[in-house]
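Residue-level listing of the chains:
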Amino acid sequence: MDDLRLAPTAGIVGCVLYLLVLAVPYGLVETASAVGAYYSSGALSPLLPGVFALVCIIVLAAGREGRSDPSVAAGASIGMGIFIVALSVLWAVTVPESLVLGLTESTLMEHHRWGVVIAGLLIPLGGTWFARALDLL
């Protein structure tokens, strides 16, 4: 296995998974305005880290393909990944539980905010794996 290609690909998959997890409430809750209230009710919306996940996809893909310095791409993805996780945790702990429980009867929504955090963890892990494959760590 070629870790120099597989590691950034794992980080890219983590970014895509993060974005997909952010989209889950739109399929479970009937009104989009309720989802907007859910995302804006915490200290900081996780949609902002979603933008960083999009940027991280580009950074990891450019590093994997050699269009940018792979060591810079690995470091940037670790930094952005930690930032994504930190903002996701901040949002998850500040969302009122009464709002979460009032959105839908689905038990999936009860655990959604923690799923966002767990999906975000894959991004810095992929970046760290990429840095190890480059013998930077």
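Only a predicted model underlies this, so the values are computations on that prediction, with no experimental measurement involved.

(A) Region of the structure containing the environment of L44. With respect to the element layout, L44 can be found in the loop between α2 (32-40) and α3 (47-65). Assessed through its relative accessible area of 31%, L44 is described here as partly exposed. Each C-alpha atom of the pair L44 and T94 lies 8.6 Å from the other, and the pair is 50 residues apart in sequence.

(B) Structural detail: a nonpolar patch on the surface. A cluster of nonpolar residues, L17, I118, L121, L122 and L125, forms a patch on the protein surface that exposes about 440 Å² of accessible area. The element contributing the most residues to the nonpolar patch is helix α7 (residues 112-133), with four residues. With respect to the helices and strands, L17 occurs in helix α1 (residues 3-28).

(C) Seen up close, the pattern of salt bridges. In the structure shown here, the tally under the stated rule is three salt bridges. Among the ionic pairs, E65 bridges to R64, the shortest N-O distance being 3.0 Å. In this structure E65 comes out as partly exposed when scored by relative accessible area, which is 36%. The partly exposed category is assigned to R64, whose relative accessible area is 24%. One network of salt bridges, in which partners are shared, links R5, R64 and E65.

Conventions adopted
- Residues numbered from 1 in each chain as written.
- Predicted model: local features only at pLDDT ≥ 70, side-chain atom pairs only at ≥ 80, totals over all residues.
- Heavy atoms only, no water.
- Helix = DSSP H or I, 4+ residues; strand = E, 2+ residues; numbered from the N terminus.
- Buried < 20%, exposed > 50% of the residue type's maximum accessible area, 1.4 Å probe, protein only.
- Patch = residues over 30% accessible without salt bridge, like charges linked within 9 Å, V, L, I, M, F, W, Y side chains within 5 Å.
- Areas by Shrake-Rupley, 256 points an atom, 1.4 Å probe, with all protein chains shown as cover.
- Salt bridge = Lys/Arg side-chain N within 4 Å of Asp/Glu carboxyl O.

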